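A structural walkthrough
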Amino acid sequence: MFIYDLGDGASLQILEMRHAPDFLAFVDENRAYLGEWMSWDTTMQTLEDAQNFIKRGLSRFSDDGIPWVGIWLNGRMVGGIHFSPIDPRVHSTEVGYWLGQRATGHGLMTRALKAMLHYAFDLLHVNRIGLQADVRNSRSRAVAERLGFTFEGIRRQSLEYKGQLIDIATYSLLAQEWREQSSR
């Protein structure tokens, strides 16, 4: 079992099958809040849905070594971070993250994502990590900017979400940039 202590009662844990009930409970508690940005309000309905999500993460972890993690605060799941498969040709991946409404506004996601960036850049030697956020999701975009991601632009009407075409803000962070800001 992998646990990374973030301090102040917060930790990261690799999502394992035993976490499926906690994951589903987290989604149920935050369904309306998360549903503004993620399709989980309609696609994550059952324990089997949660188990299938975790299975995908475990499969990816065995393929490329980059875990999908839950964020825990005082023993309770409050969010998570997942990565797309690493493209071995260019050593690149994309990151996504989510945080429950009660856990926002305290810097927890910034700390958690910083730890996972360290893992990806320094231990797995990823060269580039991309990040995409709905242009209206100011909290998600602020996390990216606090961690030194470069804003690359807006992909207009590039994602269909709940019958609407939405604009996506794209960001990236390169290993060299990560090393430079980590040495400061």
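Below is a short write-up of the structure. (Residues numbered from 1 in each chain as written. Predicted model: local features only at pLDDT ≥ 70, side-chain atom pairs only at ≥ 80, totals over all residues. Heavy atoms only, no water.)

Of regular secondary structure, the protein chain possesses seven helices and eight strands. At 16 Å, the protein chain has a C-alpha radius of gyration in line with the 16 Å of a compact globule built from 184 residues. Expressed as lengths along the three principal axes of its C-alpha atoms, the size of the protein chain is roughly 40 × 40 × 35 Å. Counting only residues that meet the buried cut, the protein chain has 47% of its 184 residues in that class. (Helix = DSSP H or I, 4+ residues; strand = E, 2+ residues; numbered from the N terminus. Rg over C-alpha atoms; globule rule 2.2 N^0.38 Å. Buried < 20%, exposed > 50% of the residue type's maximum accessible area, 1.4 Å probe, protein only.)

Attention shifts here to the sheet that holds strand β6 (residues 128-134). What the eight strands build is an open sheet, ordered β1-β2-β3-β4-β5-β6-β8-β7; its pairing is mixed. Every interior strand has two partners, whereas the edge strands, β1 (3-7) and β7 (150-161), have only one. This sheet shows a mean twist of 25° between the axes of neighbouring strands, independent of strand direction. The strands that helix α1 (residues 20-29) touches are β3 (69-73), β4 (76-83) and β5 (92-99); relative to β4, the one it contacts most, it runs at about 100°. Here helix α5 (residues 108-123) sits on the sheet and contacts β1, β2 (10-14), β3, β4, β5, β6 and β8 (164-174); the angle it forms with β4, its principal contact strand, is near 40°. (Pairing = 2+ DSSP bridges. Axes fitted to C-alpha atoms, helices over the stretch in contact; angles between N-to-C directions. Contact = heavy atoms within 4.5 Å.)

Formed by 38 residues in total, the largest nonpolar core has its most connected members in Ile71, Ile81, Leu117, Ile129 and Phe149. The greatest single-element share of this core, amounting to 10 residues, is contributed by α5. Other than its neighbours up to four places away in sequence, leucine 117 contacts Asp122, Ile129, Leu147, Phe149, Leu173 and Trp178. Phe23, Ala50, Ile54 and Trp68 belong to the second largest nonpolar core, which has 18 residues in total. (Core = buried A, V, L, I, M, F, W, Y, C linked by side-chain atoms within 4.5 Å.)

Moving on, we come to the packing of aromatic side chains. Applying the stated criterion to the full structure yields six aromatic pairs. Of the aromatic side chains, those joined through ring pairs into one cluster are Phe23, Phe53, Trp68 and Trp98. (Phe/Tyr/Trp six-rings, centres within 6.5 Å; stacked < 30°, edge-to-face > 60°.)

Take the pairing of β1 next. The side chains of a regular strand alternate between both faces of the sheet. Relative to β2, β1 is paired through four bridges, and the arrangement is antiparallel. Opposite aspartate 5, over in β2, you have serine 11 as the bridge partner. Linkage of β1 to β2, two consecutive antiparallel strands, is achieved through a turn of two residues, within which aspartate 8 is found at a positive phi near 55°.

All right, on to unusual backbone geometry then. Positive phi is not limited to glycine here, since asparagine 74 has a value of about 50°. Its place among the elements puts asparagine 74 in the loop between β3 and β4. Of note in this structure, histidine 91 is not a glycine but carries a positive phi near 55°. Its location among the elements puts histidine 91 in the loop between β4 and β5.

Enumeration over the complete set of coordinates arrives at eight salt bridges. Arginine 31 serves as the salt-bridge partner of aspartate 28, at 2.3 Å between the closest nitrogen and oxygen. Arginine 31 sits in the buried class, given a relative accessible area of 18%. In this structure, glutamate 29 engages arginine 76 in a salt bridge whose closest nitrogen and oxygen atoms are separated by 2.1 Å. Taken together, the positions of glutamate 29 in helix α1 and arginine 76 in strand β4 put the pair 47 residues apart, joining distant regions of the chain. (Salt bridge = Lys/Arg side-chain N within 4 Å of Asp/Glu carboxyl O.)

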